[in-house]
Amino acid sequence: PRLISQLFESEIFIRIGGHNFQIPRDIFSSPGDSPNFFTLGFAAFFASPLEVFPGLDRQGLLRPPAITPPSVPSRSGEVFAQLLHLLRGYPLDIRNEAHRAELLRDCRYFHLRGLEQQLIPHHISFNPIRKRDEIVIRLEDVRRSGIDVDDIPLPPGHSQADAMSAALVTYSRPFVDDKKYDLILEIGDESTILDITSRRPTFLGATKARVSSLLQVIAGKKGDQNRPAGQKESAPEDRLWASLSMDTDMTVDGEREYFPDILRESMSGSENLLEEPSRKRKRVEEASINRPWIVRNGQWRLCMQPRAKGDGMDIVMIAVKLEVFTLQRTRNKQRKFLSS
């Protein structure tokens with residue numbers, strides 16, 4: 001019995017990609033890192049100190065049977081050694097995005113959810129102008145459990161009812177962050193098409209499904225208190241708008257500081273509750289306004305604001321930074337030869 005108890009409390013022995021590892025059990029003490037591949041796999045041998053080797057015929061058993069350490073030949077021992085380095089609390093120099101992808105892939109394989117959240121690309125900062133903390137994170141890395149909606153006061157000139165209704169979408173990384181940040185969502189892969197005239201964004205491929213799921217979560221966090229009784233609630237996708245402000249940093253077809261008069265004038269009558277116009281920008285050819293904008297990469301702040309008629313809430317994607325093309329030539333210019 002004493003030997004059985006020692007085995008149950010001992011370190012975990014495993015062979016990964018040709019490398020032998022001796023893993024202390026307390027290394028998985030961080031939130032989200034347990035249960036995982038190792039603790040669950042080890043439990044198959046030692047379910048409890050009183051039930052070692054479930055299903056084993058114990059009649060006439062004089063000693064525990066020989067144990068061959070579990071083996072995972074399909075994963076990289078070098079990558080797992082780096083994950084252990086991180087789990088021990090040491091920093092790791094991530095060389096490039098390919099290196100980060102290797103680490104994240106094995107984090108998910110071994111079910112180290114807390115460590116995964118530390119490794120996903122993100123940027124946290126304090127915005128001294130808005131006086132709020134912000135987090136930039138990619139759409140594909142957002143988790144439902146981290147989303148929240150916070151009521152915020154609006155600029156002077158808006159009614160108290162509006163001030164109580166408008167809200168910003170916030171985010172905190174599960175298992176890692178102990179506070180909420182204003183969410184700035186990064187959507188790339190040329191998967192966003194923006195109609196400047198109607199201000200309606202549409203999404204392509206997997207991005208469409210991810211955005212739809214995100215909008216459902218946001219809408220569920222803050223119900224439509226202003227919706228008249230008995231009125232059927234419209235789908236979140238039908239209440240989604242894109243908003244550009246004079247604070248948006250834009251590159252359109254290679255033109256920096258892009259802000260034509262027609263766009264500036266259209267914004268002057270908009271109900272953009274969270275952004276205020278600032279300075280004039282360079283005038284350029286306005287023909288591209290009539291063409292769909294394909295957003296190569298964009299960062300968006302998300303908010304909810306009451307409709308002008310008071311019949312519900314809109315979800316608004318406020319553009320923070322956009323890289324846009326409207327011409328096939330612009331896209332072709334950024335292509336690379338495979339031989340280069």
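See the structure printed just above.
First things first, this report covers the structure right here in the doc. All figures in this text were calculated on a predicted structure; none of them were measured in a lab.

Looking now at the overall build of the chain. Each helix and strand in the chain was counted, giving nine helices and 17 strands. Contacts in the chain between residues at least 24 apart in sequence constitute 66% of all its contacts with a sequence separation of at least 6.

Turning our eyes to something else, we now look at the environment of Leu-115. Position of Leu-115 among the secondary structure elements: in helix 5 (residues 113-119). Along the sequence, Leu-115 and Pro-31 sit 84 residues apart, while their C-alpha atoms lie 8.9 Å from each other. Sequence-distant contacts of Leu-115, that is, excluding residues within four places in its chain, are made with Asp-33, Leu-83, Leu-86, Leu-87 and Cys-107.

Below, the discussion takes up the packing of helix 3 (residues 77-87) against helix 4 (residues 97-109). In the contact formed by helix 3 and helix 4, the axes pass within 10 Å of each other and the chain directions differ by 80 degrees. By the angle class used here, helix 3 and helix 4 are roughly perpendicular. Of the residues in helix 4, those in contact with Val-79, Gln-82 and Leu-83 of helix 3 are His-99, Glu-102, Leu-103, Asp-106 and Cys-107. Broken down by class, the residue content of the contact of helix 3 with helix 4 amounts to four nonpolar, two polar and two charged.

This part is about the environment of Val-136. Position of Val-136 relative to the elements: it lies in strand 7 (residues 132-138). When its relative accessible area of 16% is taken as the criterion, Val-136 is described as buried. Apart from residues lying up to four places away in sequence, Val-136 is in contact with Pro-121, His-122, His-123, Ile-184, Glu-186 and Gln-299.

Neither face of strand 14 (residues 249-252) is open: one carries Asp-249 and Thr-251, the other Met-250 and Val-252, and all of them are buried. When strand 14 meets strand 17 (residues 313-325), the two strands line up parallel, connected through four bridges. Across the sheet, the residue bridging to Thr-251 is Glu-323, located in strand 17. In this structure, the hairpin formed by strand 14 and strand 15 (residues 255-256) is closed by a connection of two residues, where Asp-253 is found at a positive phi of approximately 50 degrees.

Next up on the list: the packing of aromatic side chains. By the definition in use, this model includes nine aromatic pairs. The interplanar angle of 85 degrees and the centroid separation of 4.9 Å between the aromatic rings of Phe-21 and Phe-80 together place this pair among those described as edge-to-face. Residue Phe-21 is found in strand 2 (residues 19-23), and its partner Phe-80 is found in helix 3; the two are separated by 59 residues along the sequence. Phe-80 matches Phe-21 in its accessibility class, with the two residues each being buried. Each ring, one from Phe-37 and one from Phe-110, has its centre 5.4 Å from the other, and the planes form 75 degrees; the classification is edge-to-face.

Applying the stated criterion across every chain, the model contains 18 salt bridges. Between Arg-301 and Glu-134 there is a salt bridge, with the nearest N and O atoms lying 2.9 Å from each other. Here Arg-301 is found in strand 16 (residues 293-306), whereas its partner Glu-134 is found in strand 7, with 167 residues between them in sequence. A residue is classified by how much of its surface remains accessible, and Glu-134, at 7% relative accessible area, is buried. Salt-bridge contacts for Lys-180 lead to Asp-148; the nearest nitrogen and oxygen are separated by 3.2 Å. Of the two residues, Lys-180 is situated in the loop between strand 9 (167-171) and strand 10 (181-187) and Asp-148 in strand 8 (residues 147-151); the sequence distance between them amounts to 32 residues. Relative accessible area serves as the criterion here: at 38%, Lys-180 is assigned to the partly exposed category. For Asp-148, a relative accessible area of 26% translates into the label partly exposed. Among the charged side chains, a network of salt bridges with common partners joins Arg-130, Arg-132, Glu-134, Asp-182 and Arg-301.

Thresholds, definitions, all that
Residues numbered from 1 in each chain as written. Predicted model: local features only at pLDDT ≥ 70, side-chain atom pairs only at ≥ 80, totals over all residues. Heavy atoms only, no water. Helix = DSSP H or I, 4+ residues; strand = E, 2+ residues; numbered from the N terminus. Contact = heavy atoms within 4.5 Å. Axes fitted to C-alpha atoms, helices over the stretch in contact; angles between N-to-C directions. Parallel < 35°, antiparallel > 145°, perpendicular 65-115°, else oblique. Nonpolar A, V, L, I, M, F, W, Y, C, P; charged D, E, K, R; others polar. Buried < 20%, exposed > 50% of the residue type's maximum accessible area, 1.4 Å probe, protein only. Pairing = 2+ DSSP bridges. Phe/Tyr/Trp six-rings, centres within 6.5 Å; stacked < 30°, edge-to-face > 60°. Salt bridge = Lys/Arg side-chain N within 4 Å of Asp/Glu carboxyl O.

The analysis is restricted to geometry; functional conclusions fall outside its scope.
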